[in-house]
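Here's the letter readout for the chains.
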Amino acid sequence: MSGRQGKNSTVRQKVRSIFKASPDVILIVDRKRRIRFMSRAMKGPRPKKMIGRDATRLLPKRARPWFRRAIRTAFASGEGSRFQYPTAESVWWEIRLIPRPGEALIIATEVTEARIHQSQAIRHARLATIGVLATSIAHEINNPNNAILFNAALLARVWDEAAPILEEYHQDNGEFSLGGLPFDEARTVLPGLIREISHNTMRVKGIVENLKHLARREPESLNELVDIHEPLQAALMILNHKIRRHTDHCALLSAREALTVRGNSRQLEQVFINVILNALQSLPDRNRHVWIRVAAEGAQERKQVLVTVEDEGVGIAPEHLAHVTEPFFTTRSANGGTGLGLSISALILRNHGAALHFAPRVGRGTTVTIRFPGESLSGVVP
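What counts, and at which threshold
Residues numbered from 1 in each chain as written. Predicted model: local features only at pLDDT ≥ 70, side-chain atom pairs only at ≥ 80, totals over all residues. Heavy atoms only, no water. Phe/Tyr/Trp six-rings, centres within 6.5 Å; stacked < 30°, edge-to-face > 60°. Buried < 20%, exposed > 50% of the residue type's maximum accessible area, 1.4 Å probe, protein only. Axes fitted to C-alpha atoms, helices over the stretch in contact; angles between N-to-C directions. Helix = DSSP H or I, 4+ residues; strand = E, 2+ residues; numbered from the N terminus. Parallel < 35°, antiparallel > 145°, perpendicular 65-115°, else oblique. Left-handed = near helix turned anticlockwise from the far one by under 90°. Contact = heavy atoms within 4.5 Å. Nonpolar A, V, L, I, M, F, W, Y, C, P; charged D, E, K, R; others polar. Salt bridge = Lys/Arg side-chain N within 4 Å of Asp/Glu carboxyl O. Pairing = 2+ DSSP bridges.

**Some remarks on the packing of aromatic side chains**
Summed over the entire model, instances satisfying the criterion amount to 4 aromatic pairs. Plain terms: the ring middles of Phe176 and Phe183 are 5.0 Å apart, the flat faces sit at 20 degrees to each other, and that makes the pair stacked. Exposure remark for Phe176: the relative accessible area of 16% places this residue in the buried category. You can call Phe183 buried: its relative accessible area is 0%. Among the aromatic residues, ring-to-ring pairing joins Trp66, Phe83 and Tyr85 into one connected group.

What follows is the structure, given as structure tokens:
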């Protein structure tokens, strides 16, 4: 062997050694796609067994037509190309094809993690856009909704004053119509319609407040020392009507010790309303339970505060679990769900340094655990 040949052989060995050390899978193929070199296995046969075989076999069936066309183009025009494909195990690969005289260099890179990050970046950008739009939408909805709410209140007062006069007229003159409705029907239907208008405008107002909260860039002050029982009991008081509507068995189980966290009482009340309301709405009948528990964990000086809401509802389907805190994700759109409650709650809790965890049991209920970094105060809940 001449000195030149020996030197070339050494260079090739070094190049092959570099290729083999690369995290990428590197192949050299000829015009007929036969493998002349392969640095390491992607999946299946070891590299030595693949030498001389068609490289197309390394790809899933749906990626093979592209690969064949790319090889033909590379040798015909010298143009390189790249594409990505997933395996059956949801592993993503990017294939880069680089033409060389008489052969083609193929570099296969696993890009699963990069695609996940890209998907998250797109999602975050979408949510940021939603946040920007939310402020404008909330303002546009709020103005007419406030007018409807004011007019509904005025209409209710007008009806309260007019009803006795109309009753007296009815007694003296017999049946008559109001807007095409017989008075006997109108006097029972109209108050309900007015209440329904007020109820729905208040519901719209709540949705608008959630949208504004979603869009808010600067969090409110989170420096209050809050006894966790206070916003929790306030939430239960607000939800009293909903509780009586959905179940005969809703209980708050808690030690009498005052457990404090640093945060914003109003925001925490909103979180508890959303989480408990979701638990109530998941119950298939009134005999199912909802338990709310408050407890402390850890040493006195580093105590964490835990709030758990456990229900005997229908649970969360596995395919929905990863999306329950996404804005506008809801499985109850037919019943008026907006998909904002849990997303707002998750945002508030992140700002409080708290963790939100869902433990569903499909068909048997869900346990939602909220873990706060606590600040202990001695005392007893009044």
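**Thoughts on the packing of helix H8 (residues 265–281) against helix H10 (residues 341–351)**
Between H8 and H10, whose axes approach to 9 Å, the crossing angle comes to 140 degrees. Compared by their axis directions, H8 and H10 come out oblique. Where H8 crosses over H10, the two elements pack in a sense that is left-handed. Along the contact surface, H8 presents Gln267, Leu268, Gln270, Val271, Asn274, Val275 and Asn278, while H10 presents Gly341, Leu342, Ile344, Ser345, Ile348 and Leu349. A per-class count over the contact of H8 with H10 returns 7 nonpolar, 6 polar and no charged.

**Focus on the pattern of salt bridges**
Counted by the stated rule, this structure contains 12 salt bridges. Arg36 is the partner of Glu103 in a salt bridge, and the nearest nitrogen-oxygen pair spans 3.3 Å. Separated by 67 residues along the polypeptide, Glu103 in strand S5 (residues 103–110) and Arg36 in strand S2 (residues 35–38) bring together distant segments of the chain. In this structure Arg36 comes out as partly exposed when scored by relative accessible area, which is 46%.

**What about the sheet that holds strand S13 (residues 355–361)?**
Taken in spatial order, the 5 strands of this open sheet run S9-S11-S12-S14-S13, and their pairing is mixed. At either margin of the open sheet sits one strand with a lone partner, and together these are strand S9 (249–254) and S13. In this sheet, neighbouring strand axes are inclined to one another by 15 degrees on average, regardless of whether the strands run parallel or antiparallel. Summarising the sheet, S13 and strand S14 (residues 365–373) pair through 7 bridges and their orientation is antiparallel. When the bridges of S14 are listed, Leu356 appears paired with Ile370.

**Describing the pairing of strand S11 (residues 289–297)**
With 6 bridges joining them, S9 and S11 adopt parallel strand pairing. What sits directly across from Leu253, in S11, is Arg293. Note: S11 against strand S12 (residues 304–311), 8 bridges, orientation antiparallel. Paired with Val294 across the bridge in S12 is Val307.

**Digging into the sheet that holds S2**
If you walk across this open sheet you meet the 5 strands as S2-S1-S5-S4-S3, and the pairing is antiparallel. On the outer flanks of this sheet lie S2 and strand S3 (81–86), each paired with one strand and no other. Direction aside, the axes of adjacent strands within the sheet are offset by 20 degrees on average. Bridge count between strand S1 (residues 25–29) and S2: 3 bridges; the pairing is antiparallel. Residue pairing for S2: Leu27 is matched across the bridge by Met38. Contacting S1, S3, strand S4 (92–100) and S5, helix H3 (residues 64–77) crosses the sheet at an angle of about 20 degrees to S4.

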